Amino acid sequence: MRFPKISRSLPQLTTHVLAIALGVVLMVSTLQVLPSQAKPAPTVTAGDTSKLIVQQQSPATATIGSTSFVTAAVNRVGTAVVRIDTERTITRRVDPFSEDPFFRRFFGDGFSQQMPSEQQLRGLGSGFIIDKSGLVLTNAHVVDKADKVTVRLKDGRTFEGKVQGIDEVTDLAVVKINAGNDLPVAPLGSSSNVQVGDWAIAVGNPLGFDNTVTLGIVSTLKRSSAQVGISDKRLDFIQTDAAINPGNSGGPLLNGLGEVIGINTAIRPDAMGIGFAIPIDKAKAIAAQLQRDGKVAHPYLGVQMLTLTPDLAKQNNTDPNSPIQIPEINGVFVMRVVPNSPAASAGIRRGDVILQVDGKDITSAEQLQNFVEDSRLGQVLQVKVQRGNQTQQLSIRTAELQNAS
């Protein structure tokens, strides 16, 4: 009686057996394929390292390694970086009784003039050796008007420094020390090859902390001194986010190879995360003149100027309180003419707009300043100006700038 039931169950049993067999076949074939896609790591016994797989270094690991490029760069130039201490004595006239009418009545106004007082000012900066004979390059504002200059090397030796030349316009100075003829020299690079985004390494003595290194990048190039806010200078700075603080002034700014690409200048006490450096190519030319002549002659015209655009002129002209109407053009607006200057002698007036110099269009104050800086002393420049609705051609003979301030 049971056989009919079994016969009816045979088709279902056969189906289940076939399904199980097919699953086994698929699993086995999968196990055979997987090793071809990802081979298992070889078994390594103790003392057998021949089968170890060496992991390839990432670019970052390969670049930094156990010794970073910053370390290598600083080691290359570090011994040539110096600390510069300055002393200056100033004399003042003290008038403690000037506000007391009793003393003025009995002793007279000339009493206080007989009471001089001396005060000693100390300064701190950085510099770096550019010649084995002991030539040190630094900022002019570090050693300007100093009565005593002391240069201290990284190894602790100190020497009296003699200022060979100062140029306030470019804020550069050369100091000489007598320490033999085998001093370490900082390798000078070229600022013309510097690009935005390059590494920037500042070395110096900020805030009196000797041998300090900060790292950043080159933020921008050709940042004009007018944009920085120092109109008495004629420079296009390298801007960096490497920390540059008081005491860093005069120290080197390095590239990733340890070559000097600029001279750090701490000129903006309110600058947060922004530093400026004088391009080394400019410094090389100025340093050579300072060694030879002790000073640098800079030609000038004698105008205070502003870059003029049509939009800026329109804003002025639509102001009902504006004292003057300005041509709505591109050029350089003359805000002031220095008395007895070449510009004054040539007939330049306040309110003129300079359009061309020697046939070349002038569209910014920085462009005009660079043009004049690159000219020769006594050179006659043909200047085209617009005065009201008329244009005029004037001849201006450059003269030597006597005082940067």
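Residues numbered from 1 in each chain as written. Predicted model: local features only at pLDDT ≥ 70, side-chain atom pairs only at ≥ 80, totals over all residues. Heavy atoms only, no water.

Undergrad: Go over the overall build of the chain with me, naming the residues and quoting the values.
TA: Assigned secondary structure in the chain consists of 10 helices and 21 strands. Relative to its 405 residues, the chain shows a buried fraction of 36%. Total accessible area computed for the chain in this model is approximately 23,900 Å², and 52% of it derives from carbon and sulfur atoms. (Helix = DSSP H or I, 4+ residues; strand = E, 2+ residues; numbered from the N terminus. Buried < 20%, exposed > 50% of the residue type's maximum accessible area, 1.4 Å probe, protein only. Areas by Shrake-Rupley, 256 points an atom, 1.4 Å probe, with all protein chains shown as cover.)

Undergrad: Give me the pattern of salt bridges: which residues, what numbers.
TA: Enumeration over the complete set of coordinates arrives at 10 salt bridges. Notably, a salt bridge pairs Arg152 with Asp210, separated by 2.5 Å at the nearest N-O pair. Note that Arg152 is positioned in strand S4 (residues 148-152) and Asp210 in the loop between strand S8 (199-204) and strand S9 (212-224), a separation of 58 residues in sequence. What emerges from the salt-bridge pattern is a single network uniting Arg83, Asp85, Arg152 and Asp210. (Salt bridge = Lys/Arg side-chain N within 4 Å of Asp/Glu carboxyl O.)

Undergrad: Let's hear about the nonpolar core: which residues, and what values?
TA: If you look at the biggest cluster of nonpolar residues, it comprises 46 residues, and the most contacted ones within it are Ile84, Phe128, Leu137, Val151 and Ile263. Among the elements that take part in this core, helix H7 (residues 280-293) stands out by supplying five residues, more than any other. Counting 18 residues, the second-largest nonpolar core is a separate cluster that includes Val332, Val334, Val337 and Val357. (Core = buried A, V, L, I, M, F, W, Y, C linked by side-chain atoms within 4.5 Å.)

Undergrad: Go over helix H3 (residues 69-77) with me, naming the residues and quoting the values.
TA: Residues Val70, Ala73, Val74 and Val77 constitute the buried set of H3. Down the axis of H3, the sector holding all buried residues measures 95°, keeping them to one side. (Arc of directions from axis to C-beta.)

Undergrad: Describe the sheet that holds S9, listing the residues and the values that go with them.
TA: Pairing is antiparallel around the closed barrel formed by six strands, whose spatial order is S8-S9-S10-S13-S12-S11. The average angle at which neighbouring strand axes cross in this sheet is 45°, direction not considered. (Pairing = 2+ DSSP bridges. Axes fitted to C-alpha atoms, helices over the stretch in contact; angles between N-to-C directions.)

Undergrad: Now, about the pairing of strand S19 (residues 380-387): what can you tell me, with residues and values included?
TA: Both strand S17 (residues 353-357) and S19 contribute to a ladder of four bridges, which runs antiparallel. Of the residues in S19, the one forming a bridge with Gln356 is Lys384. Examined bridge by bridge, S19 and strand S20 (residues 390-397) share eight bridges and lie antiparallel to one another. Residue pairing across strands places Val380 opposite Arg397, the latter belonging to S20. Two successive antiparallel strands, S19 and S20, enclose a turn made up of two residues, where Gly388 displays a positive phi of approximately 70°.

Undergrad: Which residues make up the packing of aromatic side chains, and what are the values?
TA: As enumerated under the stated definition, the model contains two aromatic pairs in all. Look at Phe69 and Trp199: their rings are 5.0 Å apart centre to centre, the planes differ by 45°, and that puts the pair in the tilted class. Separated by 130 residues along the polypeptide, Phe69 in helix H3 and Trp199 in strand S8 bring together distant segments of the chain. (Phe/Tyr/Trp six-rings, centres within 6.5 Å; stacked < 30°, edge-to-face > 60°.)

Undergrad: Lay out the environment of Asp167 with the relevant residues and their values.
TA: By the element assignment, Asp167 lies in strand S6 (residues 162-167). Distance in space between the C-alpha atoms of Asp167 and Asn139 is 8.9 Å, their sequence separation being 28 residues. Excluding residues within four positions of it along the chain, Asp167 makes contact with Ala140, Leu172, Ile286, Leu290, Val296 and His298. A polar contact is formed between the side chain of Asp167 and the side chain of Thr170, at a distance of 2.5 Å. (Contact = heavy atoms within 4.5 Å. Polar contact = N/O pair within 3.5 Å; in protein donor to acceptor, adjacent residues only side chain to side chain.)

Undergrad: Any chance you could break down the side chain of Ser249 for me, citing the residues and the numbers?
TA: Inspection of the secondary structure puts Ser249 in the loop between strand S10 (236-240) and strand S11 (252-254). Judged by its relative accessible area of 4%, Ser249 falls in the buried class.

Undergrad: Break down helix H10 (residues 365-373) for me, citing the residues and quoting the values.
TA: For H10, the full list of buried residues reads Ala365, Leu368, Gln369, Val372 and Glu373. For H10, the angular spread of buried residues about the axis comes to 135°, placing them on one side.

Undergrad: Can you lay out a nonpolar patch on the surface for me, pointing to particular residues and giving the numbers?
TA: A grouping of Trp199, Leu215 and Ile217 is seen on the molecular surface, where their side chains present a nonpolar patch of about 270 Å² in accessible area. With respect to the helices and strands, Ile217 occurs in strand S9. According to the relative accessible area criterion, Ile217 is partly exposed, its value standing at 34%. (Patch = residues over 30% accessible without salt bridge, like charges linked within 9 Å, V, L, I, M, F, W, Y side chains within 5 Å.)

Undergrad: Would you mind going over unusual backbone geometry in detail, with residue names and values included?
TA: Look at Asp171: it is not a glycine, yet its phi comes out positive at around 55°. Locating Asp171 in the fold gives a position in the loop between S6 and strand S7 (172-176). We note that Asn340 has phi near 60°; this positive angle belongs to a residue other than glycine. Here Asn340 shows up in the loop between strand S16 (331-337) and helix H9 (342-346).

Undergrad: Explain the confidence of the model for the chain to me, using residue names and the numbers behind them.
TA: Here the chain shows a mean pLDDT of 81. Residues at 70 or above account for 76%. In this model residues 17-22 is a low-confidence stretch, pLDDT under 50, and it forms zero contacts with partners more than four residues away in sequence or in other chains. This model gives residues 24-64 a pLDDT under 50, and the stretch forms six contacts once residues within four places in sequence are excluded. (pLDDT = per-residue confidence, 0-100.)

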